[in-house]
Amino acid sequence: MPETSYFGTTMTVEVLAVVDGDTVKVDLEDEPENLRILALDTEESRPVPGKPYTPWGVAAKEEATSFLPEGSTITIEFRATDRSIPACGGTGTTTTGRSSTSTRTAKTSRSG
């Protein structure tokens, strides 16, 4: 349920899974959504087109999983000036995208 803060609208969302060291999947309004931490660029933990996976990518995913375990919650905040682009108070900036042509950015903070 969205709430209003000084900076805009905030939402607390559940972590569904860590995708990679710099990406987490959350339940955003009853839909899975990937949030990418923009201030953090890690190696890949699995092969993706054009990028090999590395031991450092696997370690980054393990660290992210320990910090944001499945079922934990994070708070994201949408800027008051642009409802289509989230921003938030917290530990990192993320990008979300519901399609390959649509991305949004948000900061996240761990709630617990």
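These remarks concern the structure in this document. The shown structure was predicted, so the numbers you read here are calculated from the model rather than taken from an experiment. (Residues numbered from 1 in each chain as written. Predicted model: local features only at pLDDT ≥ 70, side-chain atom pairs only at ≥ 80, totals over all residues. Heavy atoms only, no water.)

A short note on the pattern of salt bridges
Let me state the cut-off plainly: By definition here, a salt bridge exists when the distance from a side-chain nitrogen of Lys or Arg to a carboxyl oxygen of Asp or Glu is within 4 Å. Here's how the labels work: a residue is buried when its accessible area is under 20% of the maximum for its type, exposed when over 50%, partly exposed in between, all with a 1.4 Å probe on protein chains only.
Taken as a whole and assessed by the stated rule, the structure comprises 3 salt bridges. A salt bridge links R36 to D41; the nearest nitrogen and oxygen atoms lie 3.4 Å apart. Taking the relative accessible area as the measure of exposure, D41 reaches 62% and is therefore exposed. Of the charged contacts in the structure, one is a salt bridge between K51 and E44, with a shortest N-O distance of 3.8 Å. Residue classification places K51 among the partly exposed residues on the basis of a relative accessible area of 46%. For E44, a relative accessible area of 12% translates into the label buried. The network of salt bridges with shared partners includes D22, R36 and D41.

These figures capture arrangement, not role.
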